[in-house]
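Each chain, letter by letter, is given below.
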Protein chains: 2
Amino acid sequence: MILSSQYIDLIQEELKQLHIPDSPDNLYAPISYFLNLKGKKIRPILTLLSAELFNGNINHAKHAALAVEIFHNFTLIHDDIMDEAPLRRGKPTVHEKWNTNIAILSGDVLMIKAYEQLALCPPSALPGLISLFNRTAIEVCEGQQMDMDFETRDQVAHDEYIQMIKLKTSVLLGCALEMGAILCNTSLKNRTEIYQFGVNIGIAFQIQDDILDLYGTGEKVGKQVGGDILANKNTLLSIFAETNANEVQLSELKKLKFEKNAALKISRTKSIFDELEVKSKCNQVMQDYYQKALHHFDAIQTENKNTALLDLTDALMKRDF
Amino acid sequence: MILSSQYIDLIQEELKQLHIPDSPDNLYAPISYFLNLKGKKIRPILTLLSAELFNGNINHAKHAALAVEIFHNFTLIHDDIMDEAPLRRGKPTVHEKWNTNIAILSGDVLMIKAYEQLALCPPSALPGLISLFNRTAIEVCEGQQMDMDFETRDQVAHDEYIQMIKLKTSVLLGCALEMGAILCNTSLKNRTEIYQFGVNIGIAFQIQDDILDLYGTGEKVGKQVGGDILANKNTLLSIFAETNANEVQLSELKKLKFEKNAALKISRTKSIFDELEVKSKCNQVMQDYYQKALHHFDAIQTENKNTALLDLTDALMKRDF
């Protein structure tokens, strides 16, 4: 992570340089507010590191990186409305601080602002960039819809779940990386490999999120351990548990969904998960996707192949919060 | 209007040909539903007629026309949420038929689908098209925010109001027309003239809407006559009335905002509007913008200048519903 702190600063600085007007205040104040929330800026950094990997000029890739970051912020503002989330990055969400209408509209403007950044990319790369970006943007919306649909369902299959996290979060990582490759005009094979690297890394990260929600040391970041269990959320943990449980365990898991005592609900559910070795099974799936990602990385053919991207993803895979 | 019925069919047919997937159903069913609602399709027709005016190939302009129409539909879905509108084109709005979250997300996808159509335009025209489209899209959002802001204000000035309708509705007409011009690679002067033609026509249309809301024969289309007065909406009529009213009239107008009897509220407000000759004053402003539009049209320099565009706008200016 230390490696990329210079890039975080670069992105943060570029976001500050965006021309955000003052008026109408109710439209633009939320946008300035949201863009200035601290974040890891993983997506735009992936674009920059990808351009670096393919011997490109970082400044060349700046606008594409910003497009991905701004688009990501748009999805967060709208997702927060849909999820009725009160906080984002420790601060009130836009619909909480202002209202839902303002959050809808300022989200819309952010999406257009993402396309403004795309339009600033070199014209020769534009058709390829826009085509990838559009496809990805639609997939992200499909993933969000699947996620909402899953909330109202009792059962979700393993493959459906992986497909949902792939669309909702992973394809944007693949897109961020492939945009760097497109800008450097590298081979189609390299484009595909780096895209697949991103998608598989993304799936591994998301599975890690599921695991850490229950098995992480949440105190570090003040997060509620077992939050997904409390919210009766379908995760890879719960899907493994339900698939492998015997009748007694299954009936107990179902009963626990209605348990009012939060601590009891989490500890009893966790016990059953432990009996079923859910954690190690999920870890295995996560590792499989991580390995798959690394194979795609290995298949990339480029001069002076540096390890900055691998160092970043490796650091992210090692987090325990 | 008869002139352009072939174009309505063309656009309707093209919308049907769009690849709208089946799944996730909650995301795509609202999109198919909304795109199939009957509408006048004025914006995409403007793009086609503009391309025709500049001796372009209609098929060449098809994707740009669809981009404008799809973008317009996106704004309608999101505006309907914000305005809590129950009906659109006589049918339930998306947030009513499904729910708000689905309306937000399917609107988002429609916006991306507009950019998908843009991306299908000839690469040489793409930078110009995207730049105009982005600027316009943001202006439309600004106009919607101003409109929402005006709802909570007692007073709105004439110029602010014109600025709001210009941004919310007129710039998209200008954009639709200029896109046709860009695709035909005409002069910058022609681009500006046709854009200004569209913007001024748009302002005239919107003022006409305000007038017809009270002075039109609403029964024809089953619309509530005086709906704007009932909703205490700021319109050019109310702005003229409040600017010109004497103290007695002004105090009566203010009292009428709290009148519960709908028929009485409309008839008494209308009486004061009539005393102040509000209708003819608004008509005058509308005519001024219409004339301004025609001057811009006259300034366009092109071979075989046909009148299809003028015939369309003329027909629209003559509607009395």
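Note that this is a predicted model, so its numbers are computed, not measured. (Residues numbered from 1 in each chain as written. Chains lettered and ligands numbered in written order. Predicted model: local features only at pLDDT ≥ 70, side-chain atom pairs only at ≥ 80, totals over all residues. Heavy atoms only, no water.)

### Side note on the overall build of chain A
Inclusion rule: Helix and strand definitions here come from DSSP, where helices need a minimum of 4 consecutive H or I residues and strands a minimum of 2 consecutive E residues; each element is numbered from the N-terminal end. In this treatment the radius of gyration is a C-alpha quantity, and the globule benchmark scales as 2.2 Å times the residue count to the 0.38 power. Under the scheme applied here, a residue whose accessible area is under 20% of the maximum for its type counts as buried, over 50% as exposed, and between as partly exposed, the area being computed with a 1.4 Å probe on protein chains only. Note on contacts: a residue pair is in contact if any heavy atoms of the two residues lie within 4.5 Å. Note on areas: these come from Shrake-Rupley sampling with a 1.4 Å probe, and a residue is covered only by the protein chains present in the view. Charged residues are defined here as Lys and Arg on the positive side and Asp and Glu on the negative side; His and the ends of the chain fall outside this count. To locate a charge, the coordinates of NZ of Lys, CZ of Arg, CG of Asp or CD of Glu are taken.
What chain A contains, in helices and strands, is 15 helices and two strands. Against the compact-globule benchmark of 20 Å for 321 residues, chain A has a radius of gyration of 20 Å, which places it among compact chains. With the C-alpha coordinates aligned to their principal axes, the bounding extent of chain A is approximately 60 × 50 × 30 Å. The buried share among the 321 residues of chain A stands at 56%. The long-range share in chain A, meaning contacts at least 24 apart out of those at least 6 apart in sequence, stands at 74%. Put simply, chain A shows about 13,800 Å² of open surface, and 50% of that area lies on carbon and sulfur atoms. For chain A, the separation between the mean place of its 33 positive charges and that of its 42 negative charges on side chains is 2 Å.

### Regarding the nonpolar core
Inclusion rule: Among buried residues, those of type Ala, Val, Leu, Ile, Met, Phe, Trp, Tyr and Cys that are joined through side-chain atoms within 4.5 Å constitute a nonpolar core.
In this structure, Ile207 of chain A together with Ile207 of chain B are the most contacted members of the largest nonpolar core, which totals 228 residues. Excluding residues within four positions of it along the chain, Ile207 of chain A makes contact with Ile162, Ile165, Leu236, Cys282, Val285, Met286 and Tyr289 of chain A.

### Points about the relation of the copies chain B and chain A
To keep it simple, the criterion reads: Our superposition of the copies is a least-squares fit, built on the C-alpha atoms of residues whose pLDDT is at least 70 in both.
After a rotation of 180° and a shift along the axis of 0.0 Å, chain B superposes on chain A with an RMSD of 0.0 Å. Expressed as an axis order, the relation between the two copies is that of a two-fold axis. A share of 100% of interface residues in chain B that are also interface residues in chain A marks the association as one of identical surfaces.

### A closer look at the packing of aromatic side chains
Convention followed: Put simply, two rings from Phe, Tyr or Trp (the six-membered ring, in Trp's case) pair if the centres are within 6.5 Å, and we call them stacked under 30 degrees between planes, edge-to-face over 60, tilted for the rest. Only when the NZ of Lys or the CZ of Arg is both within 6 Å of the ring centre and within 35 degrees of the ring normal is a charge said to sit over the ring.
Applying the stated criterion across every chain, the model contains 11 aromatic pairs over all chains. Look at Phe71 of chain A and Phe133 of chain A: their rings are 5.4 Å apart centre to centre, the planes differ by 75°, and that puts the pair in the edge-to-face class. Taken together, the residues span a long stretch of sequence, with Phe71 of chain A in helix α4 (residues 58–82) and Phe133 of chain A in helix α7 (residues 126–151) at a distance of 62 residues. Residue Phe133 of chain A is classed as buried on the basis of its relative accessible area, which comes to 1%. When the ring of Tyr115 of chain B is compared with that of Phe133 of chain B, the centres are 5.2 Å apart and the planes differ by 80°; the resulting orientation is edge-to-face. Here the residue Tyr115 of chain B occupies a position in helix α6 (residues 100–119), and Phe133 of chain B occupies one in helix α7 (residues 126–151), the gap between them amounting to 18 residues. Of the two residues, Tyr115 of chain B and Phe133 of chain B, neither departs from the other in class, the shared state being buried. The structure contains a cluster of three or more aromatic residues connected by ring pairs, namely Phe71, Phe74, Tyr115 and Phe133 of chain A together with Phe71, Phe74, Tyr115 and Phe133 of chain B. The ring of Trp98 of chain B carries the charged tip of Lys97 of chain B above its face, separated from the ring centre by 5.6 Å. One residue, Arg135 of chain B, lies across the ring of Tyr195 of chain B, its end atom 5.4 Å from the ring centre.

### So, unusual backbone geometry
Residues and elements named next belong to chain A. With omega at 0°, the peptide bond leading from Ser23 into Pro24 counts as cis. Tracing the backbone shows Pro24 in the loop between α1 (5–17) and α2 (25–35). You will see that Arg89, though not glycine, has its phi angle at about 50°, which is positive.

### Notes on the interface of chain B and chain A
To be explicit about the condition: As a working definition, buried area equals the accessible area (1.4 Å probe) given up by two parts on being put together, with both sides summed. Should a side-chain nitrogen of Lys or Arg be within 4 Å of a carboxyl oxygen of Asp or Glu, the pair is scored as a salt bridge. Think of a polar contact as two N or O atoms within 3.5 Å of one another; within protein, one of them needs to be a possible hydrogen donor and the other a possible acceptor, and neighboring residues in sequence only count if both atoms come from side chains.
On the chain A side, the residues contacting the 36 residues of chain B number 36 residues. Between chain B and chain A the total buried area reaches about 3,200 Å² when both faces are included, carbon and sulfur atoms providing 75% of it. It is Leu105, Ile112 and Ile138 of chain B that lose the most area in chain B upon contact with chain A, and together they represent 18% of the buried surface on that side. The interface formed by chain B and chain A holds zero salt bridges in total. At the junction of chain B and chain A, the tally comes to 10 residue pairs in polar contact (both at pLDDT 80 or more). Elements with a contribution of two residues or more to the side of chain B that touches chain A: α2 (25–35), α4 (58–82), α6 and α7 of chain B. When residues in the side of chain B that touches chain A are grouped by element, the largest group, 13 residues, is from α7 of chain B.

### So, the packing of helix α8 (residues 158–183) of chain A against helix α11 (residues 236–244) of chain A
Residue and element names in this part refer to chain A. How we decide: Axes, fitted as lines to C-alpha atoms, cover a helix only where it is in contact. Angles between the N-to-C directions of the axes lie from 0 to 180 degrees. Orientation labels follow simple angle bins: below 35 degrees gives roughly parallel, above 145 gives roughly antiparallel, 65 to 115 gives roughly perpendicular, and whatever is left gives oblique. Three classes are used, and their members are as follows: Ala, Val, Leu, Ile, Met, Phe, Trp, Tyr, Cys and Pro are nonpolar, Asp, Glu, Lys and Arg are charged, and the others, Gly among them, are polar.
Contact geometry for α8 and α11: axes closest at 10 Å, N-to-C directions at 175°. Overall, the two elements α8 and α11 adopt an arrangement that is roughly antiparallel. Across from His158, Tyr161 and Ile162 in α8, the residues of α11 making contact are Leu236, Ile239 and Phe240. Partitioned by chemical class, the residues of the contact of α8 with α11 number five nonpolar, one polar and no charged.

### Here we look at the pattern of salt bridges
All names here are of chain A. Summed over the entire model, instances satisfying the criterion amount to 20 salt bridges over all chains. When the shortest N-O distance is used, the salt bridge between Asp80 and Arg88 registers 2.8 Å. Residue classification places Asp80 among the buried positions, given a relative accessible area of 2%. The exposure class assigned to Arg88 is partly exposed, which follows from its relative accessible area of 22%.

### Details of the environment of Pro24 of chain B
Residue classification places Pro24 of chain B among the buried residues on the basis of a relative accessible area of 8%. Taking the C-alpha atoms as reference points, Pro24 of chain B and Glu303 of chain B, 279 residues apart in sequence, are found 49 Å from one another. Leave out the neighbours within four places in its chain, and Pro24 of chain B touches Glu142, Gln145, Met146 and Asp149 of chain A.

### Quick look at α4 of chain B
All names here are of chain B. Selection criterion: How far a helix is expected to stretch is found by multiplying one less than its residue total by 1.5 Å. What is called the bend at a residue is the angle between a pair of axes, fitted to the seven residues leading up to and ending at it and to the seven starting from it.
For α4, spanning 25 residues, the distance from its first C-alpha to its last is 35 Å, which sits close to the expected 36 Å at 1.5 Å a residue. Maximal helix bending in α4 amounts to about 25°, located at Ala64. Across the 25 residues of α4, 22 count as buried, placing the element largely inside the fold. The backbone nitrogen of Asn59 lies 2.8 Å from a side-chain oxygen of the residue at the head of α4, namely Asn57. Positive phi shows up at Glu84, right after α4, with a value of about 50°.

### Concerning the side chain of Glu139 of chain B
Residues and elements named next belong to chain B. Positionally, Glu139 belongs in helix α7. One buried charged side chain, Glu139, makes no salt bridge at all; its nearest oppositely charged neighbour is Arg135, positioned 4.0 Å away. Apart from residues no more than four positions distant in its own chain, Glu139 is found in contact with Leu167, Val171 and Tyr195.

### A look at the confidence of the model for chain A
All names here are of chain A. What counts is decided by this rule: As a per-residue measure, pLDDT tells how confident the predictor is, with possible values from 0 to 100.
Of all residues in chain A, 96% have pLDDT values of 70 or greater, and the mean over the chain is 93. Model confidence for chain A, summarised as mean pLDDT per element, is weakest for α1 at 89 and strongest for α8 at 98. Predicted complex metrics record ipTM = 0.94 and pTM = 0.95.

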